[in-house]
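So the chains spell out like this:
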Amino acid sequence: MKRFLLILIVTLPLLLHAQQDDTAKVVNFGVRAGANASQMVLRGLPIDIVASPKVGVEGGAFLDFNIGKRFFIRFNTVWSHQRSRLTMDGTPCPLASFSIEVPVYASWRFGNSRTGWGFVGVGPYTEFVVWGRVVSADGSFNPFHHVIDVDATTGEETLAMTDSHSGFGVLMGYELPFGLFVDATAQMALTDMLAFDHGGNMWVRPLKLTLGLGWRF
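Residues numbered from 1 in each chain as written. Predicted model: local features only at pLDDT ≥ 70, side-chain atom pairs only at ≥ 80, totals over all residues. Heavy atoms only, no water.

Before going further, it helps to examine the packing of aromatic side chains. Aromatic ring pairs are reported here in terms of the distance separating the ring centres and the angle at which the planes meet. The full count for this structure, using the stated rule, is five aromatic pairs. Summarising the aromatic geometry, the rings of Phe-119 and Phe-181 are spaced 6.1 Å apart at their centres and angled 80° between planes, so their arrangement reads as edge-to-face. A residue pair is termed long-range when its members are at least 10 positions apart, and Phe-119 in strand β5 (residues 116-136) and Phe-181 in strand β10 (residues 180-189) qualify at 62 residues. A relative accessible area of 3% means that Phe-119 is categorised as buried. Taken together, Phe-62, Phe-119 and Phe-181 form an aromatic cluster joined through their ring pairs. It is Arg-74 that lies over the ring of Phe-181; its NZ or CZ is 5.4 Å from the centre. Sitting over the ring of Trp-203, Arg-205 keeps its end group 4.2 Å from the ring centre. (Phe/Tyr/Trp six-rings, centres within 6.5 Å; stacked < 30°, edge-to-face > 60°. Helix = DSSP H or I, 4+ residues; strand = E, 2+ residues; numbered from the N terminus. Buried < 20%, exposed > 50% of the residue type's maximum accessible area, 1.4 Å probe, protein only. Lys NZ or Arg CZ within 6 Å of the ring centre and 35° of its normal.)

The full count for this structure, using the stated rule, is six salt bridges. In this structure, the salt-bridge partner of Glu-101 is Lys-208, at a minimum N-O distance of 2.6 Å. Taken together, the residues span a long stretch of sequence, with Glu-101 in strand β4 (residues 91-112) and Lys-208 in strand β11 (residues 203-216) at a distance of 107 residues. Among the residues examined, Lys-208 registers a relative accessible area of 4% and is labelled buried. Salt bridges here are not isolated pairs; linked through shared partners, they connect Arg-32, Glu-58, Glu-101, Asp-183 and Lys-208. (Salt bridge = Lys/Arg side-chain N within 4 Å of Asp/Glu carboxyl O.)

It is worth spelling out the nonpolar core at this point. By size, the foremost hydrophobic cluster in this structure holds 15 residues, and its most contacted members are Met-40, Leu-86, Phe-144 and Met-161. Those elements that place two or more of their residues in this core are β2 (49-66), β4 and β5. Sequence-distant contacts of Leu-86, defined by excluding residues within four places in its chain, comprise Ile-49, Val-50, Ala-51, Thr-91, Pro-92, Cys-93, Leu-95 and Val-134. (Core = buried A, V, L, I, M, F, W, Y, C linked by side-chain atoms within 4.5 Å. Contact = heavy atoms within 4.5 Å.)

What follows covers a negative patch on the surface. Together, Asp-149, Asp-151, Glu-156 and Glu-157 make up a negatively charged patch on the protein surface. Within the fold, Asp-149 resides in strand β7 (residues 147-150). Overall, Asp-149 belongs to the partly exposed group, its relative accessible area being 45%. (Patch = residues over 30% accessible without salt bridge, like charges linked within 9 Å, V, L, I, M, F, W, Y side chains within 5 Å. Areas by Shrake-Rupley, 256 points an atom, 1.4 Å probe, with all protein chains shown as cover. Lys, Arg positive; Asp, Glu negative; His and termini not counted. Charge placed at Lys NZ, Arg CZ, Asp CG, Glu CD.)

This paragraph deals with the side chain of Gln-82. Within the fold, Gln-82 resides in strand β3 (residues 71-88). A polar contact is formed between the side chain of Gln-82 and the side chain of Ser-38, at a distance of 3.3 Å. A distance of 3.2 Å separates polar atoms of two side chains, one belonging to Gln-82 and the other to Glu-101. Not counting residues up to four positions away in its chain, the partners in contact with Gln-82 are Asn-36, Ser-38, Leu-95, Ala-96, Ser-97, Ser-99, Glu-101, Glu-127 and Lys-208. (Polar contact = N/O pair within 3.5 Å; in protein donor to acceptor, adjacent residues only side chain to side chain.)

Shown next as structure tokens:
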């Protein structure tokens, strides 16, 4: 189901682009690269863990579906390498991951074609973790596929964390008249990444800030 949702979100804007007259400027597309700072926001965990951000990199492509001169919807596909530091019982444990993100921003632009355009947006995103690794004193492991329990009767495995999460993000930036732009985003997960049964006062939710540079064609 997650793979189907990812394929649908990525391919739908591309299909819309293929059906538009390029001279109508209904659809524009471009590329973007940037740096990110991410960390896990932790609450109520039974062990002493402190999370702090480190710098990662990301890149991808986007498509703007222009509903009017001012209002547009930006569909993004982002390949992201994220890094953070987990300190468990005083011992640093670096965390790294590769993921695919699909943010969608309902956006508003202001300005003009002579001086450039400012823009702001807000919308949901979903992130699919492809690979992850924590380096601890006991060795390294993938926390998104780490088994913490196995049912003795059914053999069903219980994982520590899920490999996907969703939330909301905000976007703001400035674009020069010839298509070069800078932007910044902030994304906060609304879904909990803990995969085992636990109370509502315990959760792990990723937070990410980015600064990017891009080109709209």
